[in-house]
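# Reading the structure
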Amino acid sequence: MWYVSTRGMAPQIDFEEALFSGYAPDGGLYMPEELPQLGRETLHEWSTLSYPSLVKELCSLFIGPELIPRDDLNGTSGDTGSAAIESVQGAKNVDIIVLLPKGHCTKIQELQMTTVLRENVHVFGVEGNSDELDEPIKTVFADVAFVKKHNLMSLNSINWSRVLVQIAHHFFAYFRCAPSLDMHPLPPVEVVVPTGAAGNLAAGCIAQKMGLPIHLVVAVNSNDIIHRTVQWGDFSLSKAVKPTLASAMDIQVPYNMERIFWLLSGSDSQVIRALMEQFERTKSVSLPKELHSKLSEAVTSQSVSDEAITQTMGRCWQENQYLLCPHSAVAVSCHYQQVDRQQPSPPRCCLAPASAAKFPEAVRAARLTLDTPAEILALEHKEARCTPMRKGDDWTRMLRDTIEDLSQQWQRRFLNLPA
């Protein structure tokens with residue numbers, strides 16, 4: 001399995017190289033050169049698997065069995081930053097650098113990252129939003145020599161491996177919701193995807209292309225660039241990011257849409273390169289008519305207000321005694337809209353990305369009460385460590401200097417040189 005850049009100007013690479021990377025050198029994102037096509041027999045076999053086994057089988061199509069250990073896979077859930085820190089904190093052979101958008105995530109989310117005081121964990125609090133902090137990361141990854149010298153990789157959905165594992169969410173959802181796999185044709189299932197950067201949406205589109213009969217509904221908050229793109233082909237920035245209760249989705253540059261455009265264009269890298277370079281210059285692109293038509297066939301969309309989020313959280317608690325996080329509520333709001341219209345629809349699954357315990361502000365806004373776990377309460381009393389990246393600072397230089405310094409520490413450590 002080879003991986004290529006969506007912009008077509010970077011050499012093809014294997015999975016290991018895609019894993020230990022971020023953006024491609026030409027500014028694009030890596031995608032499999034070809035997607036495996038799955039028949040009814042394979043779907044039948046996979047439908048009986050546990051989630052870890054399903055992930056293993058799926059990954060073997062893209063990675064190769066020789067690189068996949070045969071013991072069980074374990075996964076974490078939650079926000080990228082804190083989940084990534086949890087997975088590597090204390091590791092002897094990995095340093096992790098996290099950029100968090102200061103003031104654009106909840107206090108608990110910040111504390112989950114800043115209270116991990118391990119030597120290999122380095123957290124920066126950026127005076128900017130998620131889109132703004134992506135810029136220095138993209139600039140660093142564009143320097144191919146620097147990336148190779150320091151063995152850099154990205155752990156968010158810039159990295160293909162993150163999207164790969166998310167593909168399994170859609171297969172697992174389908175197998176749990178489909179009434180029967182003995183029907184001809186296979187019955188459809190609707191999957192509602194709450195998203196900001198569109199990683200899980202890209203995963204769903206890939207699952208569709210592999211032969212999974214799902215209908216995708218993308219649900220966003222008031223930062224509605226994806227909704228406008230699906231509805232009208234208007235891929236353009238608004239004047240500013242709007243703070244919402246679903247803060248992890250407060251994104252104006254959903255970079256994984258580039259993967260979706262590439263997929264739906266028939267892997268036309270020339271078209272995608274021109275499209276994305278225009279977007280980077282002007283912050284506004286109208287999709288070509290054919291590409292927009294294919295997008296609107298593959299995906300429908302909804303934009304959900306904060307008011308609808310809190311109403312949905314309240315309704316779900318009243319009807320099911322289940323406390324939704326505000327991001328999950330964005331998806332469930334779309335479900336309730338369909339239920340209230342009393343229109344026939346296929347079985348529906350709403351993806352739920354996080355725990356409500358991280359979002360007490362949203363819980364209070366919904367006039368609900370939260371039984372906060374003890375480990376969350378304990379965060380308030382822990383020492384925190386966070387390096388500021390202020391407006392006016394050269395964020396790219398700060399990032400490069402940190403990486404250089406860590407590399408020098410590694411060299412001294414392995415060569416037993418004095419500091």
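Each remark here, short or long, concerns the structure printed above.
What you are looking at is a predicted structure, and each value in this text was computed from that prediction instead of being measured. (Residues numbered from 1 in each chain as written. Predicted model: local features only at pLDDT ≥ 70, side-chain atom pairs only at ≥ 80, totals over all residues. Heavy atoms only, no water.)

It is worth spelling out the pairing of strand S6 (residues 214-220) at this point. Buried residues dominate S6, accounting for six of its seven residues. Sheet topology places strand S5 (residues 189-194) next to S6; six bridges connect them, and they run parallel. Across the sheet, Pro 194 pairs through a bridge with Ala 219, a residue of S6. Relative to strand S9 (residues 299-303), S6 runs parallel, the two sharing five bridges. When the bridges of S9 are listed, Ala 219 appears paired with Gln 302. (Buried < 20%, exposed > 50% of the residue type's maximum accessible area, 1.4 Å probe, protein only. Helix = DSSP H or I, 4+ residues; strand = E, 2+ residues; numbered from the N terminus. Pairing = 2+ DSSP bridges.)

Moving on: the sheet that holds strand S11 (residues 387-389). In spatial order, the strands read S3-S4-S11; together these three strands make up an open sheet with parallel pairing. Both outer strands of the open sheet, strand S3 (96-101) and S11, are each paired with one neighbouring strand and no more. Each strand axis lies, on average, 30 degrees off the axis of its neighbour in the sheet, ignoring direction. Strand direction decides the pairing type here: strand S4 (residues 121-126) and S11, joined by three bridges, are parallel. Each residue of the ladder has a partner; that of Gly 125, found in S11, is Pro 388. Across the sheet, helix H5 (residues 107-114) is in contact with S3 and S4; its angle to S3 comes to roughly 160 degrees. Across the sheet, helix H6 (residues 130-142) is in contact with S3 and S4; its angle to S3 comes to roughly 150 degrees. (Axes fitted to C-alpha atoms, helices over the stretch in contact; angles between N-to-C directions. Contact = heavy atoms within 4.5 Å.)

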